[in-house]
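# Report on the structure
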Amino acid sequence: MRTNRLIPGAGVVHAGASRLCPVTVTLDELWAADPADAWRRAGFRVDADGVCRVGTVAVRLLGRDRGRGMVGWSLRGLPAGAPGDLDGIPTSRAGTHRAETSPAEHPNGVTGIDHVVLMSPHLQRTQAALAAVGLDPRRTRDAALGGAPVRQVFYRVGEVILEVVGAPDTSGDGPSTLWGITYTVVDIDATAAFFGKHTAPVKDAVQPGRRITTVRNRELGMSVRTAMISTPYPLGP
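What comes next concerns the included structure. In this text, all values refer to a predicted model and were calculated from it rather than measured experimentally.

### Some words on the pairing of strand β13 (residues 211-215)
Counting buried positions along β13 yields four of five residues, so the element is predominantly enclosed. Both strand β12 (residues 203-204) and β13 contribute to a ladder of two bridges, which runs antiparallel. Bridge pairing in β13 places lysine 203 opposite isoleucine 212. Hairpin remark: β12 followed by β13, antiparallel, with six residues in the connecting loop; positive phi at glycine 209, about 80°. Here β13 runs beside strand β14 (residues 225-230); their pairing, made up of four bridges, is antiparallel. Bridge pairing in β14 places valine 215 opposite threonine 226.

Below, the structure is given as structure tokens:
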């Protein structure tokens, strides 16, 4: 999520860990400590079992008693021996195949997840943990946040981009955290109109030709940081 605002357990993969095996890892579920009603108010369609299906990803809404924000995820394609705690993020292994379900139609115009932001206090350690389960970076970008240098490292986890953000030259001992979600919408202006006063003005995104707006998630009772971005322009022939 390109914006200007920005307990480790046993079995955490750390720097120096060996790669387990070459695999294709994809995002299956995100776990959010939010009530389903808050997401419904935000224009998301939520199943009776508290699952919001966005493209090929299920966002499982666990309720406020599980904390705040995104509290874990499920990944498909993890190799045998992968930890249940990926650099501090609770992680489960999804089954090999997902049951076919029809994509949900969301009143807010969301059609998929563009990217998920992972904040890392120790970028090298996090990259080593991701490499150990078979994830290789696709691109790296150096930027600044609040006047401080940051590095963004991008991974592909199925149809979703995982954006890992951390300081390039300093490190801390805490866990990595899943920080926010940016969704793809067909009509960014219509989506902004749907949210009304609960969204920031639409502006140009970092990605060329795309536009983005940040949802004021707390005003809607959501603890997950949320942004909406326009669909990428199709590539020419």
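### As for the packing of aromatic side chains
The geometry of two aromatic rings is summed up by the distance between their centres and the angle between their planes. Applying the stated criterion across every chain yields a total of three aromatic pairs. Residues tryptophan 39 and phenylalanine 44 carry aromatic rings whose centres are separated by 5.0 Å and whose planes lie at 45° to one another, so their mutual orientation is tilted. Tryptophan 39 sits in the buried class, given a relative accessible area of 0%. Look at phenylalanine 194 and phenylalanine 195: their rings are 5.3 Å apart centre to centre, the planes differ by 85°, and that puts the pair in the edge-to-face class. Following the ring pairs from residue to residue traces out a cluster consisting of Trp39, Phe44 and Tyr183. A cation over a ring is seen here: arginine 139 above phenylalanine 154, with NZ or CZ 4.4 Å from the ring centre.

### Quick notes on the sheet that holds strand β6 (residues 89-93)
Overall, mixed pairing links the six strands, which are arranged β2-β3-β1-β4-β6-β5 in an open sheet. Edge positions in the sheet fall to β2 (51-54) and β5 (85-86), since each has one partner strand and no second.

### Concerning the pattern of salt bridges
Taken as a whole and assessed by the stated rule, the structure comprises nine salt bridges. Its salt-bridge partner being aspartate 34, residue arginine 64 comes within 2.4 Å of it at the nearest N-O pair. Of this pair, arginine 64 sits in the loop between β3 (57-61) and β4 (70-76) while aspartate 34 sits in the loop between β1 (26-32) and α1 (36-41), and the two are 30 residues apart along the sequence. On the basis of relative accessibility, which here comes to 0%, the residue aspartate 34 falls in the buried class. Taking the shortest distance from any N to any O, the salt bridge between arginine 40 and aspartate 37 comes out at 3.0 Å. Remark: aspartate 37 and arginine 40 occur in helix α1; sequence separation between them is three residues, near one turn of the helix.

### Observations concerning the sheet that holds strand β10 (residues 160-166)
Spatially, the eight strands line up as an open sheet ordered β8-β9-β10-β7-β11-β14-β13-β12, and their pairing is mixed. A strand with exactly one partner marks an edge of an open sheet, and here the two such strands are β8 (139-145) and β12. Direction of pairing for strand β9 (residues 148-157) relative to β10: antiparallel, over a ladder of seven bridges. Note that in β10 the partner of tyrosine 155 across the bridge is leucine 162. The strands that helix α2 (residues 123-132) touches are β7 (110-119), β9 and β10; relative to β10, the one it contacts most, it runs at about 150°. Where helix α3 (residues 188-195) meets the sheet, its contacts fall on β11 (177-185), β13 and β14, and the angle it forms with β14 comes to roughly 145°.

### Structural notes on the side chain of aspartate 87
Residue position: aspartate 87 is located in the loop between β5 and β6. Separated by 2.6 Å, the side chains of aspartate 87 and arginine 125 make a polar contact. Separated by 2.5 Å, the side chains of aspartate 87 and serine 176 make a polar contact.

### Some thoughts on the environment of methionine 70
Residue position: methionine 70 is located in strand β4. Residue class for methionine 70 comes out buried when judged on its relative accessible area of 10%. For the pair methionine 70 and alanine 33, spaced 37 residues apart in sequence, the C-alpha separation works out to 6.2 Å. Methionine 70 has contacts with Leu30, Trp31, Ala32, Val116, Leu178, Trp179, Gly180, Ile181 and Val224, leaving out every residue within four places of it along the chain.

What counts and what doesn't
- Residues numbered from 1 in each chain as written.
- Predicted model: local features only at pLDDT ≥ 70, side-chain atom pairs only at ≥ 80, totals over all residues.
- Heavy atoms only, no water.
- Buried < 20%, exposed > 50% of the residue type's maximum accessible area, 1.4 Å probe, protein only.
- Helix = DSSP H or I, 4+ residues; strand = E, 2+ residues; numbered from the N terminus.
- Pairing = 2+ DSSP bridges.
- Phe/Tyr/Trp six-rings, centres within 6.5 Å; stacked < 30°, edge-to-face > 60°.
- Lys NZ or Arg CZ within 6 Å of the ring centre and 35° of its normal.
- Salt bridge = Lys/Arg side-chain N within 4 Å of Asp/Glu carboxyl O.
- Contact = heavy atoms within 4.5 Å.
- Axes fitted to C-alpha atoms, helices over the stretch in contact; angles between N-to-C directions.
- Polar contact = N/O pair within 3.5 Å; in protein donor to acceptor, adjacent residues only side chain to side chain.

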